[in-house]
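Chain by chain, the residues run as shown.
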Amino acid sequence: MRRLRSLQYFLLAMVILAVPATSRAQFSASITIAPPALVVYSQPICPQEGYLWTPGYWAYGDEGYFWVPGTWVEPPSEGLLWTPGYWGWNNNMYAWNGGYWGSEVGFYGGVNYGYGYGGSGYQGGYWRNNQFSYNRSVNNFGGRNFSNTYSKSVSVSTSSHVSYNGGRGGISARPTAAQETFARAQHTPATEAQTSHQQAAGGNHEMLASVNHGRPAVAATAKPGEFSGNGVVAARGATAANKTAESKATENKAEANKTEANKAAATKATENKAADNKAAENRTAENKATANKAAETKATENRAAASKATENKAAENKAAENRTAENKATANKAAETKATENRAAASKATEDKAAENKAAENKATENKAAASRATANKTKENNAAAARSNENKPAETKPAAKPAAKTEHATAAPHNTARPAQPAAKSEAARPEVKPVAAKPSPAAKPEREAAPARTESAPKAAAPQHQAAPQQHQAAPKQEAAPKAAPAPKAEAPRPSEEKPK
């Protein structure tokens, strides 16, 4: 439980310290019960020059009000004075206004804390040439001689021990214009020693108002956090146990006065040691600040390097993406070109195939035409040969002249036309005599021989006119001499070489 309360008090103190200087007069705690009257006690002996007195006060915790003993404190820097905190009534509740360090003492509610804090300002001393001058009429030196002291009478009222401002039974003091102005100035919060001192008091069950009833056994101490030993002072009017502690404190005070000379040297040594410790702390703080600055610089450099690496990585990724896109575009273009070439090749092949097929068709057509011409020439030659054969055999054709006369009548009697056909058959038999005239047919001409029977069938039809015209031939013999003109027919053999082309 004590640890929990200590933690809560520590957090409360941290909140108070975190409040900006211009708003440190704001409330840090709010309750509806008025704090108890101030504890009456004697001031402990000042431990050494440079320490300033900070009066005791009532603080509030989880178990109610508890007493924070007054103590001597080393200020955070030269030239600063302590303004005590106070309870004030506002918005139907009591709120605590934390104390602070400043170049002058501000408003602290008009509360008479004693020992120089009579309700307004501070009469216990002042700073001069960076050294604090103590008022011997207010401060307890234990018979020692401090280098900077003076004497000034201060009227101290002991009739009232009210610990709060405003509300029922509270002090009615109000801040002056100068105090209000100073309250808004820059301030320094309580030191770490003061904060630890309050936490220690909050963790001590004997400091609760509900336990000590306003008379704690430890009302003031010589140094912060020291709640036992020679520097402890009990409250006046404490219980028997508390009085024993107070008597012991008085004895210790007498003994301290008796051995003052011996302690002066020890104090000097302590001061020197404190100075050395402070110098060491300063050096440690400087070294720590240097190390922190180096760490920050290193962190900054690392962040810059990380940013640079990230930018380089992004640039590399961008370049890789661009190369990939270019390669892909090149591949696509190559594929398109290949496809175009393939289509062109296919088209070319198709065209070549079509040309070959057309050439083949043309060749076939030419061959067929040549074959047809050859057949026609052959037929013409055969007809010419047959004609020459008939012309060369006039004796055979003469007997046919008699029936030719009958042909005049045959026009009227078509049924007698079959008789002249018999001599025509003989003329067909004479065709073998023409064979020496005809050239040996090529293998391609074989189909023409198969067509010969068709010619023999038509031969009688051609022969009939010849017999009918026979009288004219005898009458016009010179005209028959013109028949040899048909001899040029053999010239049709010229196409035969084209027939051999397929070979």
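Values in this document were obtained by computation on a predicted structure and should not be read as measured data.

Draft legend 1. Local environment of the overall build of the chain. Assigned secondary structure in the chain consists of 14 helices and 14 strands. Considering the chain as a whole, with its 503 residues, one finds that 32% of them fall into the buried category. Contacts in the chain between residues at least 24 apart in sequence constitute 66% of all its contacts with a sequence separation of at least 6. Looking at the chain as shown, the accessible area adds up to about 30,600 Å², and 55% of this sits on carbon and sulfur atoms.

Draft legend 2. Just the nonpolar core, in detail. Membership of the largest hydrophobic core comes to 49 residues, with the highest contact counts inside it found for Y41, W87 and Y113. Only β2 (52-54), β3 (57-61), β4 (64-68), β5 (70-73), β6 (81-83), β7 (86-90), β8 (93-97) and β11 (131-135) provide two or more residues apiece to this core. No other element matches β4, which puts four residues into this core.

Draft legend 3. The packing of aromatic side chains, seen in detail. According to the stated counting rule, one finds 24 aromatic pairs in the structure shown. Between Y65 and W87, the ring centres sit 5.5 Å apart and the planes meet at 75°, which makes this aromatic pair edge-to-face. Pair noted here: Y65 is in strand β4 and W87 is in strand β7, with a separation of 22 residues, a long-range link. The residues Y65 and W87 share a single accessibility class, namely buried.

Draft legend 4. Representation of unusual backbone geometry in the model. Residue N91 is not a glycine yet carries a positive backbone phi of 55°. For N91, the position within the fold is in the loop between β7 and β8. For N91, a relative accessible area of 61% corresponds to the exposed category. Residues other than glycine seldom take positive phi values, yet N130 does so here, at roughly 60°. Structurally, the position occupied by N130 is in the loop between β10 (125-128) and β11.

Draft legend 5. Local environment of the sheet that holds β2. On the basis of which strands lie adjacent, the open sheet formed by three strands has the order β2-β5-β14 and mixed pairing. The open sheet has two edge strands, β2 and β14 (220-221), and neither has a second partner. Inspection of the sheet shows β5 paired to β14 by two bridges, in the parallel sense. Opposite G70, over in β14, you have A220 as the bridge partner.

Draft legend 6. The sheet that holds β10, seen in detail. Pairing is mixed in the open sheet, where three strands are placed in the order β10-β11-β12. Across the chains shown, the open sheet's two edge strands, defined by having one partner strand only, are β10 and β12 (149-150).

Draft legend 7. Inspection of the pairing of β3 at higher detail. Most of β3 sits out of view: four of its five residues are buried. Of the pairings in the sheet, the one linking β3 to β4 comprises five bridges and is antiparallel in character. Note that in β4 the partner of Y57 across the bridge is V68. The hairpin turn running from β3 into β4, its antiparallel successor, is two residues long.

Draft legend 8. Layout of the confidence of the model for the chain. The pLDDT averaged across the chain works out to 73; a share of 63% of its residues lies at or above 70. In this model residues 15-28 is a low-confidence stretch, pLDDT under 50, and it forms 26 contacts with partners more than four residues away in sequence or in other chains. Low confidence marks residues 395-503, where pLDDT is under 50. Its contacts with residues over four positions away, or in another chain, come to 63 contacts.

Draft legend 9. Region of interest: the pairing of β5. Taking every second residue as pointing to the same face, both faces of β5 are buried, with G70 and W72 on one and T71 and V73 on the other. As paired elements, β2 and β5 share three bridges and run antiparallel to each other. What sits directly across from W53, in β5, is W72.

About the thresholds
- Residues numbered from 1 in each chain as written.
- Predicted model: local features only at pLDDT ≥ 70, side-chain atom pairs only at ≥ 80, totals over all residues.
- Heavy atoms only, no water.
- Helix = DSSP H or I, 4+ residues; strand = E, 2+ residues; numbered from the N terminus.
- Buried < 20%, exposed > 50% of the residue type's maximum accessible area, 1.4 Å probe, protein only.
- Contact = heavy atoms within 4.5 Å.
- Areas by Shrake-Rupley, 256 points an atom, 1.4 Å probe, with all protein chains shown as cover.
- Core = buried A, V, L, I, M, F, W, Y, C linked by side-chain atoms within 4.5 Å.
- Phe/Tyr/Trp six-rings, centres within 6.5 Å; stacked < 30°, edge-to-face > 60°.
- Pairing = 2+ DSSP bridges.
- pLDDT = per-residue confidence, 0-100.

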